[in-house]
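One-letter residues, chain by chain:
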Amino acid sequence: MQKNSIITETKIDLLREGVRFKPIDLFTTYPNIKCFKTKRIKVKPTIVKDAVYDLAHEKNILPSEILLTSGNRQSICKLRYNKQSSIEIRLEEDLFQLYKNNQKINITVSLVPHYEILEQKIDERINGINSTIGDYVDVVGIDRISILFFEGCYNWNCGKACKFCDLHPKKKTDQVIKPTVNNLRKYHNDVNVWWNASKENYLKGIKYSITQLLEHQSFPHKHLFFMAGNLPTTKDVWDVAEDTLQSMSNYLNLDEFDSYLNIAPHDTLERLKRIKKLGIKQVQYNLEIANKELFEDTCPGKMKYDLFVNKLIEAVSVFGVGNVRSNFVFGLQDKEQMLEEIQRLADKGIVADYSIFQPKNNTPFQHKPSPDFEDVLDFSNQLVDIYLKYYFKPIFCSLSSRSSIINELYEDRCSTDFSK
């Protein structure tokens, strides 16, 4: 039997259970904590008059990510706070250390730097707004450059959010630079008017921000990830995406990047073909659930299951085998049932990615348990088997894929660095 690395096993534990620590303000008061990636311990996404805000009063924070190192292997891992977790993080002699059931884990833990350039102010003459580079572009993990087309997801605003999703909305008092779904009601839900009201300055902000980031910051790999929540129609989402990508293609060679578009399924094949010509290498439409009835109950705002799957298959005809992806949330349904559907999709050229289910505060699934360790490991190993059978590759790399262990197991099994 293949022996798993300590990084793989530790990451499974952290994703399943989260992490605990004492005192509760350990990271809130940690010196120079603003230099690292953090998030609030608790959020409370709440619908308020057709808008969605975080109404939690929590001020304490924890790292949003940590970097795990063992020998010459490294992996990024997303964190959440769970006071019942068996995994504890302690500060010992100015170093962070992980313990499981009070036994020290032989692994190096590092906080992930928040790139200073993201705080750089943008001259208001460029885009007419008081903003920073980080308002337009972000870096997930170590090297996944991410651009979110707009803030929010219309499925949340209209009460049809996926039941596991906590969205991470803004506070009412937060300044929001991107176009935000919360403002749609001001434009009578006319997406065209809403988008055109901010498009010009927004696209100028993206242009300045990503060119500055690429000029002044180096990355191990060049992952470029575009993503969007939902709008009232699929066409609306794709209008915004195509406008943004068309604009960026005028000053950025998207062909140079490991590029992905994570979005609702396409409205037309012609649109999909245009996106490919702009330089996007892969598209991702996230089913989340591999069962028709459970999918339509869990994700009530998404299109019907059979149509969704047909859109994935259509996308393969444009982007090719292995270049169309769909993410699943592992832990919400029978493991074998999920693998059976993933195998069926693989036969059609579609790659399955996954994230490990974590119960999120103030969502319908907040009290559901995370999956068992052995189930995560067994499922992930069987998924690697499918990847190897069809010559698929995991998404991104172990430095920027935070919520699954597919990259780590792929490396454990193949002993190669596929990301270079």
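Residues numbered from 1 in each chain as written. Predicted model: local features only at pLDDT ≥ 70, side-chain atom pairs only at ≥ 80, totals over all residues. Heavy atoms only, no water.

Trainee: Is there a simple way to think about the sheet that holds strand β10 (residues 108-111) in this case?
Mentor: Each strand in a sheet pairs with its neighbour through backbone hydrogen bonds, running either in the same direction (parallel) or in the opposite one (antiparallel). Strand order in the open sheet made by the three strands is β6-β5-β10, with antiparallel pairing throughout. The sheet is open, and its two edges are formed by β6 (73-78) and β10, each paired on a single side. Adjacent strand axes in the sheet meet at a mean angle of 25 degrees, parallel and antiparallel pairs treated alike. Here six bridges tie strand β5 (residues 65-70) to β6, and the two strands are oriented antiparallel to one another. (Pairing = 2+ DSSP bridges. Helix = DSSP H or I, 4+ residues; strand = E, 2+ residues; numbered from the N terminus. Axes fitted to C-alpha atoms, helices over the stretch in contact; angles between N-to-C directions.)

Trainee: Help me out: how do you make sense of the pattern of salt bridges in this one?
Mentor: Pairing is possible between side chains of opposite charge, provided their charged atoms come close. Here the structure, examined in full by the defined rule, presents 35 salt bridges. Arg-73 serves as the salt-bridge partner of Asp-412, at 3.1 Å between the closest nitrogen and oxygen. Of this pair, Asp-412 sits in helix α11 (residues 406-414) while Arg-73 sits in strand β6, and the two are 339 residues apart along the sequence. When its relative accessible area of 8% is taken as the criterion, Asp-412 is described as buried. In this structure, the salt-bridge partner of Asp-385 is Arg-413, at a minimum N-O distance of 2.4 Å. (Salt bridge = Lys/Arg side-chain N within 4 Å of Asp/Glu carboxyl O. Buried < 20%, exposed > 50% of the residue type's maximum accessible area, 1.4 Å probe, protein only.)

Trainee: Looking at this structure, I do not really get the environment of Lys-368. What am I missing?
Mentor: Structurally, Lys-368 can be placed in the loop between β19 (350-356) and α10 (373-390). Overall, the relative accessible area of 36% leaves Lys-368 in the partly exposed class. Taking C-alpha positions, Lys-368 is 26 Å from Glu-408, a pair spaced 40 residues apart along the chain. Ignoring sequence-local partners within four residues, the contact set of Lys-368 consists of Leu-332, Phe-357 and Pro-359. (Contact = heavy atoms within 4.5 Å.)

Trainee: Sorry, what's going on with the nonpolar core here?
Mentor: Within soluble globular proteins, side chains that are nonpolar generally end up buried alongside one another. One finds Phe-226 and Leu-261 to be the most contacted residues of the largest nonpolar core, which totals 124 residues. Take this core: its biggest share by element is nine residues, from α10. Residues contacting Leu-261, with those up to four places away along its chain left out, are Phe-149, Phe-226, Trp-238, Leu-245, Ile-275, Ile-280, Gln-282, Val-283 and Gln-284. (Core = buried A, V, L, I, M, F, W, Y, C linked by side-chain atoms within 4.5 Å.)

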